[in-house]
Amino acid sequence: MGKARDMELFTIGYEGASQAAVIAALKAAGVKRLIDVRELPSSRRAGFSKSPLRASLEAEGIAYLHLKKLGTPKEGRIANRAGRMEEFWRIVDEGLARPEAEYELALAGELAASTPSCLLCFEADHRTCHRLEVANRMAGSRPFAVTHLSPDPGF
């Protein structure tokens, strides 16, 4: 027998994308569960608030789960928008170190290990989004190979 293959964990951001493009990217990657890691699962972008997103995903055979404690607190989102990235990453690290976030990280890891899963947040560029740190922490405890999807192939 060969070496055990890493499990895949995906991430995606919906900034500038349509709901249809995000769902198409998820389906193309074989994702069966979307894990929403926004603190507040609401959006001014059509189709990305919790209820409509869940309904559209489930209609396509993709389960939806919101894990609020893995989201970035308001002060972190403000720091990110202002370009204060050192402050942003410090806030993200502090938030993910809380016991309730550690519980949700463990839950997300268990679920992603059993079903192809994708972390969802807003930012198109995963390098400026807290989902990068969530994915890295999940990959630190399980053999996940992390793939960052884009609904826009040109990004």
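Below, the structure is looked at part by part. On a predicted model such as this, the values are computed, not experimentally measured, just so you know.

### As for the pairing of strand E2 (residues 33-36)
Neither face of E2 is exposed, since Arg33 and Ile35 on one face and Leu34 and Asp36 on the opposite face are all buried. Summarising the sheet, E2 and strand E3 (residues 63-66) pair through 4 bridges and their orientation is parallel. From the neighbouring strand, Leu34 faces E3, where its bridge partner is Tyr64. Relative to strand E4 (residues 117-121), E2 runs parallel, the two being bridged by 4 bridges. Across the sheet, residue Leu34 finds its bridge partner in E4, namely Cys118.

### Description of the packing of aromatic side chains
Across all of its chains, the model carries 3 aromatic pairs by this definition. The interplanar angle of 10 degrees and the centroid separation of 4.2 Å between the aromatic rings of Tyr14 and Phe48 together place this pair among those described as stacked. Of this pair, Tyr14 sits in the loop between strand E1 (7-13) and helix H1 (19-29) while Phe48 is found in the loop between E2 and helix H2 (50-59), placing the two residues 34 residues apart along the sequence. Note on Tyr14: relative accessible area 3%, which makes it buried. Look at Phe48 and you get buried, because its relative accessible area is 0%. Their ring planes at 80 degrees and their centres at 5.3 Å tell us that Tyr14 and Phe122 sit as a pair that is edge-to-face. Of this pair, Tyr14 sits in the loop between E1 and H1 while Phe122 sits in the loop between E4 and helix H6 (131-141), and the two are 108 residues apart along the sequence. Chaining the aromatic ring pairs together yields one cluster made of Tyr14, Phe48 and Phe122.

Cut-offs and rules
Residues numbered from 1 in each chain as written. Predicted model: local features only at pLDDT ≥ 70, side-chain atom pairs only at ≥ 80, totals over all residues. Heavy atoms only, no water. Buried < 20%, exposed > 50% of the residue type's maximum accessible area, 1.4 Å probe, protein only. Helix = DSSP H or I, 4+ residues; strand = E, 2+ residues; numbered from the N terminus. Pairing = 2+ DSSP bridges. Phe/Tyr/Trp six-rings, centres within 6.5 Å; stacked < 30°, edge-to-face > 60°.

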